[in-house]
Amino acid sequence: MRIALSQITTGPKPEHNLALLREQAGRAAEAGARLVVFPEAAMACFGTSLAPLAEPLDGPWATELRQIAKDAGLVVVAGMFTPAPDGRVTNTLLATGPGVEAAYDKIHLYDAFGFAESDTVAPGSQVVTFDLDGVGIGLATCYDVRFPELFRAHADAGAVLSLLPASWGAGPGKREQWELLTRARALDATVWLAAVGQADPAAAGPAPATSAPTGIGHSALIGPDGTVRERLDAAPGLLVADIDTDEVTAVRRKVSVLANRRLGTGA
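**Concerning the overall build of the chain**
- When helices and strands are counted, the chain shows five helices and 15 strands.
- In terms of principal-axis extent, the alpha carbons of the chain reach across some 50 × 40 × 35 Å.
- Counting the 267 residues in the chain, one finds 54% classified as buried.
- When contacts within the chain are restricted to residue pairs at least 6 apart in sequence, those whose partners lie at least 24 apart make up 68%.
- If you sum the accessible surface of the chain, you get close to 10900 Å²; carbon and sulfur atoms cover 53% of it.
- Where the 22 positive side-chain charges of the chain centre and where its 30 negative ones centre are 6 Å apart.

**So, the layout of surface pockets**
- Estimated volume of the largest pocket: approximately 320 Å³.
- In terms of lining, the largest pocket is formed by 24 residues, of which the most central are Gly-169, Ala-170, Gly-171, Ser-211 and Ala-212.
- The residue makeup of the lining of the largest pocket, split by class, is 14 nonpolar, eight polar and two charged.
- In this structure, the second largest pocket encloses a volume near 160 Å³.
- The wall of the second largest pocket is formed by 13 residues, among which Thr-48, Ser-49, Leu-50, Ala-51 and Thr-120 lie closest to the centre.
- A breakdown of the residues in the lining of the second largest pocket according to their chemical character gives six nonpolar, five polar and two charged.

**Considering the nonpolar core**
- Among the nonpolar cores identified, the biggest contains 50 residues, and Leu-35, Phe-130, Leu-139 and Leu-163 are the most heavily contacted of them.
- With five residues, strand S12 (residues 192-197) is the largest single contributor of residues to this core.
- The contacts of Phe-130, once residues within four sequence positions are left out, are Val-77, Ala-95, Val-100, Ala-102, Val-135, Gly-136, Ile-137, Leu-139 and Leu-163.
- Counting 32 residues, the second-largest nonpolar core is a separate cluster that includes Ala-33, Leu-50, Ala-69 and Leu-238.

Parameters and conventions
- Residues numbered from 1 in each chain as written.
- Predicted model: local features only at pLDDT ≥ 70, side-chain atom pairs only at ≥ 80, totals over all residues.
- Heavy atoms only, no water.
- Helix = DSSP H or I, 4+ residues; strand = E, 2+ residues; numbered from the N terminus.
- Buried < 20%, exposed > 50% of the residue type's maximum accessible area, 1.4 Å probe, protein only.
- Contact = heavy atoms within 4.5 Å.
- Areas by Shrake-Rupley, 256 points an atom, 1.4 Å probe, with all protein chains shown as cover.
- Lys, Arg positive; Asp, Glu negative; His and termini not counted.
- Charge placed at Lys NZ, Arg CZ, Asp CG, Glu CD.
- 1 Å grid on protein atoms, 1.4 Å probe; cavity = no way out; pocket = protein on both sides within 12 Å on 5 of 7 lines; lining within 4 Å.
- Points joined across faces, edges and corners; volume = space filled by probe spheres on them.
- Nonpolar A, V, L, I, M, F, W, Y, C, P; charged D, E, K, R; others polar.
- Core = buried A, V, L, I, M, F, W, Y, C linked by side-chain atoms within 4.5 Å.

Listed below in structure tokens is the structure:
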């Protein structure tokens, strides 16, 4: 399966971000991708007041995203914000396109490094996977990468590819943590992992004056053996690559970490 990782920098205006997503989806389709993955907060960047922008999954923003996917003839995965019952929002991934319609609400909220996502965002609770061309695909978001049980749940549900849109916070050691954690999650769940971050805003100009996590770039496609197959740098870019789903079967034969588990499996 050919997939595209679109590392972009989104701004505070959802309509402007949709135009960027449309352009990138078109480029991914021209490159033969069946799936294009955009970062977390593709609807609007962090540091923006989210509640006034949040829309339901049948609202105008999501409807236009579906049209983008239809026009490009591929599946699009992008981060948006939907209203929560308590006045907060949910940090939602929408996966949509021919034969696919799924939504995942971020389970693990970024209450770390001095940022409290839970002040404005309500957590999800459901593991979500979907099928594309017979390939099982799991959804996760940013801070979820610190919790290996979610990615193992993807594998248990039949996924061989996990998608990780993110808007990673900058700071000392944070790039190293991103690289370590993404490789570890691929390895300990023996899945392909497409980690797609917001580009570093400073790569295109002065850094924004905000403590919000606005991205560091360094999106990567990681194999089920934990090796990095393709990687971008900090600047915006489109990474197009092929994944071999048979490699997951081969790795799991050699390194049977899922079958060998003794904790958390009911064994």
